[in-house]
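Each chain, written out:
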Amino acid sequence: MAHYWVGSNDLSHWPVLTGNVDDALVFKTGGSTSQGKLAVYTCEEWHALVSTFGASISSQLNNSDRVANLFFSGDLYASFLFIHDSLAHVGQSICEFPFTGQVELDVLADAIAQHRINVLAGVPAQLLRFAAYLAQHRRVLCGVETILYGGESLFAPQLAILADVFPNARIASIGYASVDAGLIGASNRDCALGEHRVFEQQTLLEIIDENTGEVIEECDRTGLLVLTNLTRRLMPLLRYPVGDCACWREPAATPMRKFALKGRSAHSQRIRVGVLSLFTEEIHKIVLHAARSEQWQLLIEQVGHKDLLSVMWVPESQLQTVEPARRALREALLAHYPSLDDLSREGLLELRVLTCATTDLKLHPRSGKQLRVLDLRVYDVPALEPV
């Protein structure tokens with residue numbers, strides 16, 4: 001997939017594009033660092049995207065809902081604008097409060113009570129940060145009836161944290177999309193957490209065996225999720241790996257066939273941890289420069305409400321002590337991804353930089369290739385009972 005993005009920062013010469021970038025919107029994908037790549041939509045394509053996604057959100061909302069939009073904006077980041085424009089196309093009469101993710105938590109808590117806001121929409125990391133603030137100040141918001149999350153999965157320990165301060169809230173995905181791939185999956189009331197339905201008219205979704213390329217049709221067999229977008233012409237996507245693994249939940253002939261997410265792909269170029277995007281090629285350069293090692297692996301685990309991020313690397317055999325290299329590697333990672341430090345201070349993430357032996361690095365069970373990413377988080381979260 002890396003070759004697809006070569007030259008994407010020069011829209012005048014990027015060979016992927018089929019025309020001039022004139023009547024268009026430009027966003028940054030993977031905007032956590034200055035190396036973010038650009039994604040482009042014509043205005044017509046953007047309208048089709050948000051109107052379709054907005055129609056899908058309708059199943060999660062009711063007339064007279066008052067929705068706090070807590071997604072993030074700025075620096076060509078798409079999520080806030082995407083949700084804002086999508087909410088304008090839901091089928092119900094709703095009222096949106098466009099706070100963005102940068103709103104101060106005390107201001108947000110007071111506004112929810114004052115304006116009778118009953119729906120929160122945001123990324124899990126921001127929602128958990130808000131929940132931690134409420135718990136610290138012994139506040140419970142009983143008026144929140146629905147929490148819609150997007151951009152990252154929610155895990156069982158995190159659900160319990162949200163339930164403590166939002167005891168009457170039903171929690172569901174707002175839907176599955178990305179600025180690079182566009183529409184991926186719709187979230188309906190019959191979807192458990194982590195499950196979505198295919199946008200049949202807009203996308204062709206396939207689940208393929210990562211090792212053989214075989215297209216998987218049977219249920220409950222995990223493979224790599226790839227997407228062909230049927231509506232975008234300026235920036236075409238054909239069998240594009242979205243970076244997640246998934247499995248089918250319903251037979252092939254089922255309309256809007258349901259699928260379940262099963263974690264990040266071991267060969268994914270981008271890894272989402274909370275609001276942070278990490279890129280394997282960037283991490284490789286950092287490990288090579290700071291620790292002089294080609295052998296490394298990234299482990300992602302869930303411990304309580306916290307993400308545990310472990311960078312495992314094999315030190316050079318001639319090193320008498322590894323501590324200087326380990327410290328240099330940690331400092332280089334924090335310098336490149338400053339949000340790691342922010343999330344650590346907020347208690348949402350722990351970064352570990354650990355040495356290991358070559359034999360400790362996990363290999364693909366069939367191909368024997370070294371895996372760059374091991375996502376060990378548990379994605380099979382049971383559906384919550386509606387309140």
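Residues numbered from 1 in each chain as written. Predicted model: local features only at pLDDT ≥ 70, side-chain atom pairs only at ≥ 80, totals over all residues. Heavy atoms only, no water.

Caption draft 1: Structural view of the overall build of the protein. Regarding its fold elements, the protein presents eight helices and 20 strands. For the protein, the C-alpha radius of gyration of 21 Å lies close to 21 Å, the compact-globule estimate for 387 residues. Considered along the principal axes of its C-alpha atoms, the protein spans approximately 65 × 50 × 45 Å. Each of the 387 residues in the protein was classed as buried or not, and the buried ones make up 52%. (Helix = DSSP H or I, 4+ residues; strand = E, 2+ residues; numbered from the N terminus. Rg over C-alpha atoms; globule rule 2.2 N^0.38 Å. Buried < 20%, exposed > 50% of the residue type's maximum accessible area, 1.4 Å probe, protein only.)

Caption draft 2: Region of the structure containing the nonpolar core. Judged by nonpolar contacts, the single largest core of 58 residues is most densely connected at Phe99, Leu120, Phe130, Phe166, Leu278 and Leu329. Residue contributions to this core peak at seven residues, all from helix H4 (residues 124-136). Ignoring anything within four residues of it in the chain, the contact list for Leu329 reads Ile286, Val287, Ala290, Ala291, Val311, Trp313 and Val353. Among the nonpolar cores identified, the runner-up in size contains 51 residues, and Trp5, Trp46, Ile174 and Leu237 belong to it. (Core = buried A, V, L, I, M, F, W, Y, C linked by side-chain atoms within 4.5 Å. Contact = heavy atoms within 4.5 Å.)

Caption draft 3: Molecular detail of the sheet that holds strand E6 (residues 146-149). Within the open sheet, the five strands sit side by side as E4-E3-E5-E6-E7. Their pairing is parallel. Pairing within the sheet leaves two strands with one partner each, and these edge strands are strand E4 (95-97) and strand E7 (170-173). On average, adjacent strands in this sheet sit at an angle of 20° to one another, irrespective of strand direction. Relative to E6, strand E5 (residues 119-122) runs parallel, the two sharing four bridges. In the sheet register, Gly122 faces E6, and the bridge partner there is Tyr149. (Pairing = 2+ DSSP bridges. Axes fitted to C-alpha atoms, helices over the stretch in contact; angles between N-to-C directions.)

Caption draft 4: Representation of the sheet that holds strand E11 (residues 203-208) in the model. Spatially, seven strands are ordered E8-E9-E10-E14-E13-E12-E11 in an open sheet, and the strand pairing comes out antiparallel. Of all strands in the sheet, those bounded by a partner on one side alone are strand E8 (176-178) and E11. Going from strand to strand, the sheet's axes swing by 45° on average, the running direction of each strand aside. Alignment of strand E13 (residues 240-248) against strand E14 (residues 258-264), held across four bridges, turns out to be antiparallel. Note on E14: the bridge partner recorded for Cys247 is Ala260. On the sheet, helix H1 (residues 43-57) packs against E8 and strand E9 (182-186) and is oriented at approximately 10° with respect to E9.

Caption draft 5: Molecular detail of the environment of Gln92. Its place among the elements puts Gln92 in the loop between helix H2 (79-87) and E4. Taking the C-alpha atoms as reference points, Gln92 and Thr18, 74 residues apart in sequence, are found 37 Å from one another. A polar contact is formed between the side chain of Gln92 and the backbone oxygen of Ser58, at a distance of 3.2 Å. (Polar contact = N/O pair within 3.5 Å; in protein donor to acceptor, adjacent residues only side chain to side chain.)

Caption draft 6: Representation of H2. Listing the buried residues of H2 in full gives Ser79, Phe80, Phe82, Ile83, Ser86 and Leu87. Taken down its axis, H2 places every buried residue within 165° of arc, on the same side. On its buried face, H2 is in contact with H1, strand E3 (66-69), E4 and E8. (Arc of directions from axis to C-beta.)

Caption draft 7: Structural context of helix H5 (residues 156-165). For H5, the set of buried residues is Gln158, Leu159, Leu162 and Val165. Each buried residue of H5 sits inside an arc of 130° when the element is viewed along its axis, so together they form one side. On the buried face of H5, the contacting elements are H4, E7 and strand E17 (296-303).

Caption draft 8: Representation of the packing of aromatic side chains in the model. All chains considered together, the criterion is met by 14 aromatic pairs. Here Phe53 and Phe82 contribute two aromatic rings whose centre-to-centre distance is 4.7 Å and whose plane-to-plane angle is 45°, an arrangement assigned as tilted. A residue pair is termed long-range when its members are at least 10 positions apart, and Phe53 in helix H1 and Phe82 in helix H2 qualify at 29 residues. This pair shows no difference in class: Phe53 is buried, exactly as Phe82 is. Aromatic rings pair up to connect Phe27, Tyr41, Trp46, Phe53, Phe82 and Phe199 into one cluster. Above the ring of Tyr41, the side-chain terminus of Arg232 is found at 3.8 Å from the ring centroid. (Phe/Tyr/Trp six-rings, centres within 6.5 Å; stacked < 30°, edge-to-face > 60°. Lys NZ or Arg CZ within 6 Å of the ring centre and 35° of its normal.)

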